[in-house]
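# Chains, contacts and geometry: an overview
Now for the letters of each chain:
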Amino acid sequence: MEPSEFDPSALMLVAELIGTAVFAASGASAAVGKRLDLFGVAVIGVLCALGGGAIRDVLIGAKPLLLTDWRYPAVALVASLFVFWFHPALSRMRPTMLVLDAAGLALFTVVGTQKGLDFGFAIYAACIVGVLSGIGGGILRDMMVQEIPAVLREDFYAMAAAIGAIIVAVGARWESLIGHWTLSLIAIATIFVVRLVAIRYRWQAPKPNF
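Residues numbered from 1 in each chain as written. Predicted model: local features only at pLDDT ≥ 70, side-chain atom pairs only at ≥ 80, totals over all residues. Heavy atoms only, no water.

## A closer look at the nonpolar core
In this structure, Phe23, Leu105 and Ile135 are the most contacted members of the largest nonpolar core, which totals 35 residues. Only α1 (8-33), α2 (38-60), α4 (71-90), α5 (94-118), α6 (123-144), α7 (155-171) and α9 (180-201) provide two or more residues apiece to this core. Looking at this core element by element, the count peaks at 8 residues for α7. Residues in contact with Leu105, not counting those within four places in the same chain, are Phe23, Gly134, Ile135, Tyr157, Ala161 and Ile191. Among the nonpolar cores identified, the runner-up in size contains 9 residues, and Ala25, Val32, Val41 and Ile44 belong to it. (Core = buried A, V, L, I, M, F, W, Y, C linked by side-chain atoms within 4.5 Å. Buried < 20%, exposed > 50% of the residue type's maximum accessible area, 1.4 Å probe, protein only. Helix = DSSP H or I, 4+ residues; strand = E, 2+ residues; numbered from the N terminus. Contact = heavy atoms within 4.5 Å.)

## Some points on the pattern of salt bridges
Once the charged atoms of two side chains with opposite charge are near each other, the side chains can pair. Enumeration according to the criterion identifies 4 salt bridges in this entry. A salt bridge links Glu147 to Lys34; its shortest N-O distance comes to 2.9 Å. Here Glu147 is found in the loop between α6 and α7, whereas its partner Lys34 is found in the loop between α1 and α2, with 113 residues between them in sequence. On the basis of relative accessibility, which here comes to 38%, the residue Lys34 falls in the partly exposed class. (Salt bridge = Lys/Arg side-chain N within 4 Å of Asp/Glu carboxyl O.)

## Considering the side chain of Asp69
If you trace the backbone, Asp69 turns up in the loop between α3 (65-68) and α4. A relative accessible area of 14% means that Asp69 is categorised as buried. Reaching out from Asp69, the side chain makes a polar contact with the side chain of Arg71 at a distance of 2.8 Å. (Polar contact = N/O pair within 3.5 Å; in protein donor to acceptor, adjacent residues only side chain to side chain.)

## Examining the packing of α2 against α4
Packing of α2 against α4 leaves a shortest axis separation of 8 Å and a crossing angle of 135°. Comparing the axis directions of α2 and α4 gives the class oblique. Relative to α4, α2 is oriented so that their crossing is right-handed. Residues Leu38, Val41, Ala42, Gly45, Val46, Ala49 and Leu50 of α2 form the contact with α4, whose participating residues are Tyr72, Pro73, Ala76, Leu77, Ser80, Leu81 and Phe84. The residue inventory of the contact of α2 with α4, partitioned by class, reads 12 nonpolar, 2 polar and no charged. (Axes fitted to C-alpha atoms, helices over the stretch in contact; angles between N-to-C directions. Parallel < 35°, antiparallel > 145°, perpendicular 65-115°, else oblique. Left-handed = near helix turned anticlockwise from the far one by under 90°. Nonpolar A, V, L, I, M, F, W, Y, C, P; charged D, E, K, R; others polar.)

## As for a nonpolar patch on the surface
Among the surface-exposed residues, Ile123, Ile166, Val170, Trp174, Leu177, Ile178 and Ile186 lie close enough to one another that they form a single nonpolar patch of about 630 Å² accessible area. Those elements giving two or more residues to the nonpolar patch turn out to be α7 and α8 (175-178). Among the secondary structure elements, Ile166 is positioned in helix α7. For Ile166, a relative accessible area of 46% gives the class partly exposed. (Patch = residues over 30% accessible without salt bridge, like charges linked within 9 Å, V, L, I, M, F, W, Y side chains within 5 Å. Areas by Shrake-Rupley, 256 points an atom, 1.4 Å probe, with all protein chains shown as cover.)

## Let's talk about the side chain of Gln114
Position of Gln114 among the secondary structure elements: in helix α5. Here Gln114 falls in the buried class, since its relative accessible area comes to 13%. Beyond its immediate stretch of four places on either side in the chain, Gln114 contacts Val168, His180 and Ser184.

## Some remarks on unusual backbone geometry
A positive phi angle, near 60°, is found at Gln146, a position not held by glycine. Considering the arrangement of structural elements, one finds Gln146 in the loop between α6 and α7. Accessibility expressed as a relative area gives 74% for Gln146, which makes it exposed. Positive phi is not limited to glycine here, since Arg202 has a value of about 55°.

## Let's talk about α4
With 20 residues, α4 extends only 23 Å from end C-alpha to end C-alpha; this falls clearly short of the ideal 28 Å at 1.5 Å per step. If you look at α4, its biggest bend is around 60°, right at Phe84, and the proline Pro88 turns up within four residues after that. Buried within α4 we find Tyr72, Pro73, Ala76, Ala79, Ser80, Val83 and Leu90. (Expected span 1.5 Å × (residues − 1). Bend = angle between axes of the 7 residues up to and from the residue.)

Below, the structure is given as structure tokens:
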């Protein structure tokens, strides 16, 4: 391969590792907030980063990346330890972390949905796999720190992921016309924008009145 050639798979790997680091930082931050020790922060950070992917892989019958590619757990561990040592400074970067978290949600949801389709799942099943890939780590994080999962409180977290998953699963029928990477980028951008707009305007689904 010529050095000037564009390699989408390499770019996707870098994006996935960045997303892994961001989700790990999210998990580690929650653990720091609960005043857990170094081991607890590392465990929850890694679970938050890779838990969604592990759930996805179990559902589709694949080997989890956590156990097959050392780069993912290594990045998650480094990010968790970084948060443990430098959390006072990172607490001032919450807006940036929310943006990066939205990007990670978008990327992992799209990748998960595509993997579901690759393994022959029906459209609805591939969407479920994709959404769980995006939100699964956050669910594990909240359960570990004894919080109500954010996806049950922040309505447009899982909903944003679901919209993107549907775009991928339904759009796959016309992938030969649209192009694989174009379809992926459309879905990623949709999830990202919907999530950020929801944060900005505090969108919420109706809740019961008491």
